[in-house]
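These are the residues of each chain, in order.
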Amino acid sequence: MPINEKEYNGNLLDQISILERIERVAKQADCQAVLDEINFEKKQIERKLYQTPPIIDHNDNN
């Protein structure tokens, strides 16, 4: 489990990078089912990455 929001976001960005590499191959192979799944997964990750409010309240001094 990530220790802080920066590390968590880094993990999410790593997941997007992996999907982009797989997407490149799926496009070359013209694999529409795989491309559809990649788009679905990207949306799930981006929802976590760009959520409002953020995971950690930066105004909280605890």
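All of the points below concern the structure found in this document. Predicted model only: the values in this text are computed from it and were never measured.

Rules and cut-offs
- Residues numbered from 1 in each chain as written.
- Predicted model: local features only at pLDDT ≥ 70, side-chain atom pairs only at ≥ 80, totals over all residues.
- Heavy atoms only, no water.
- Helix = DSSP H or I, 4+ residues; strand = E, 2+ residues; numbered from the N terminus.
- Buried < 20%, exposed > 50% of the residue type's maximum accessible area, 1.4 Å probe, protein only.
- Contact = heavy atoms within 4.5 Å.
- Areas by Shrake-Rupley, 256 points an atom, 1.4 Å probe, with all protein chains shown as cover.
- Expected span 1.5 Å × (residues − 1).
- Arc of directions from axis to C-beta.
- Core = buried A, V, L, I, M, F, W, Y, C linked by side-chain atoms within 4.5 Å.

1. Concerning the overall build of the chain
So, step 1. Within the chain, the secondary structure is distributed over two helices and zero strands.
So, step 2. The 62 residues of the chain split such that 19% are buried.
So, step 3. Relative to all contacts within the chain whose residues are 6 or more apart in sequence, the contacts with residues 24 or more apart total 52%.
So, step 4. With the model as given, the accessible surface of the chain reaches about 5,200 Å², and the carbon-plus-sulfur share is 51%.

2. Describing unusual backbone geometry
So, step 1. With a phi close to 55 degrees, Asp30 is a non-glycine residue in the positive phi region.
So, step 2. Secondary-structure assignment places Asp30 in the loop between helix 1 (5-28) and helix 2 (32-49).
So, step 3. Classification of Asp30 as exposed rests on a relative accessible area of 64%.

3. Description of helix 2
So, step 1. Taking 1.5 Å as the rise per residue, helix 2 with 18 residues should run 26 Å; its terminal C-alpha atoms sit 25 Å apart, in good agreement.
So, step 2. Every buried residue of helix 2 is listed here: Leu35, Ile38, Lys42, Ile45 and Leu49. The buried residues of helix 2 occupy an angular sector of 85 degrees when the element is viewed end-on, so they sit on one face. Along helix 2, the residues that are exposed and aim more than 90 degrees away from the buried face are Ala33, Lys43 and Arg47.

4. Brief notes about the environment of Tyr50
So, step 1. The residue Tyr50 is located in the segment after helix 2 in this model.
So, step 2. Distance in space between the C-alpha atoms of Tyr50 and Asn9 is 9.2 Å, their sequence separation being 41 residues.

5. Some thoughts on the nonpolar core
Generally speaking, a soluble globular protein has its nonpolar side chains buried in company with each other.
So, step 1. Formed by Leu12, Ile16, Leu19, Ala26, Leu35, Ile38, Ile45 and Leu49, the largest nonpolar core amounts to eight residues.
So, step 2. Sequence-distant contacts of Leu12, that is, excluding residues within four places in its chain, are made with Ile45, Lys48 and Leu49.

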